[in-house]
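Results of the structural survey
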Number of protein chains: 2
Amino acid sequence: MAEAKLNKFAAEDVSLADVAKSLGHPARIRILKILTDMNLCMCGDIVDQLPLSQATVSQHLKELKRVGLIKGNVEGPKTCYCIDNQRIEEIRDKFANLFSKVCCGSACK
Amino acid sequence: MAEAKLNKFAAEDVSLADVAKSLGHPARIRILKILTDMNLCMCGDIVDQLPLSQATVSQHLKELKRVGLIKGNVEGPKTCYCIDNQRIEEIRDKFANLFSKVCCGSACK
DNA sequence: ATCGTATATCGTAAATTTACGATTAATGAT
DNA sequence: ATCATTAATCGTAAATTTACGATATACGAT
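In this report, we go over the structure that sits alongside the text. This structure is a prediction, so every number in the text was calculated from the model and none was measured. (Residues numbered from 1 in each chain as written. Chains lettered and ligands numbered in written order. Predicted model: local features only at pLDDT ≥ 70, side-chain atom pairs only at ≥ 80, totals over all residues. Heavy atoms only, no water.)

All names here are of chain B. As summarised here, the arrangement of the three strands in space is 1-3-2, forming an open sheet in which the pairing is antiparallel. One side of each edge strand has no neighbouring strand; the edge strands of this open sheet are strand 1 (41–42) and strand 2 (70–75). Pairing of strand 2 with strand 3 (residues 78–83) involves six bridges; the strand directions are antiparallel. When the bridges of strand 3 are listed, Asn73 appears paired with Cys80. (Pairing = 2+ DSSP bridges. Helix = DSSP H or I, 4+ residues; strand = E, 2+ residues; numbered from the N terminus.)

Right, let's talk about the packing of aromatic side chains for a bit. The final tally for this structure, using the stated rule, is four aromatic pairs over all chains. When the ring of Phe99 of chain A is compared with that of Phe95 of chain B, the centres are 6.3 Å apart and the planes differ by 35 degrees; the resulting orientation is tilted. Of this pair, Phe99 of chain A sits in helix 5 (residues 85–100) while Phe95 of chain B sits in helix 5 (residues 85–100), which puts the two residues in different chains. Note on Phe99 of chain A: relative accessible area 2%, which makes it buried. With a relative accessible area of 1%, Phe95 of chain B lands in the buried category. Clustering of aromatic rings is evident, with ring pairs tying together Phe95 and Phe99 of chain A together with Phe95 and Phe99 of chain B. (Phe/Tyr/Trp six-rings, centres within 6.5 Å; stacked < 30°, edge-to-face > 60°. Buried < 20%, exposed > 50% of the residue type's maximum accessible area, 1.4 Å probe, protein only.)

Printed below as a string of structure tokens:
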């Protein structure tokens, strides 16, 4: 952004927006789905399933790791990635809560 | 992005990512919360509650409207905004579904 | 008809994101 | 020790996002 005004927002809103932003790319949605289905897998397997270069996928993985949605641990020359279930549940609840108050038909016609 | 490779991803992933991205700014999270609490309110009321210029807030409102999270209808010189409940429920379900398969403790140690 | 208010849009600058080739680092195999 | 493989990081270009002042638009009031 032109100027960082994030300090003028509630920390809660900043952190939820941060997670939402990290979900804001189809490659990262796809990675989450792959990891959910496979339970855990090598970086290379993920690269194979995406229409992006290894460098770009690595960048997306880094972003998902940054917000804590996934974990990765190095196993020799390979890296094994998986969903961080505890964190995902936390985030699931935050989104559910954001949407929860909505219920009874919209106010606008 | 440098090149638009979005066509190489599933439409479903692209559209969920699109919504996530629209939630990826604290001002827009805040706007949703304000509209949820107030049920419906004038554009000006929202501007007053955000540390951003009128032009910038208008831009954020436009983005939320684009993905369908909110509706706005013009009433004379004013515009009245509100949550689009039906759409929000739809989106709530999509996120819930994305996170739902996750449940039983992460695979990585 | 003119004026004031409310909001959208335009133009634009700065920051950030996305993508990729090239390089580096780290390990296992020979 | 050398080589092949895997993945992270660097450097960088292009696209997008964010922000705001200025302007345009649309309406109600006078």
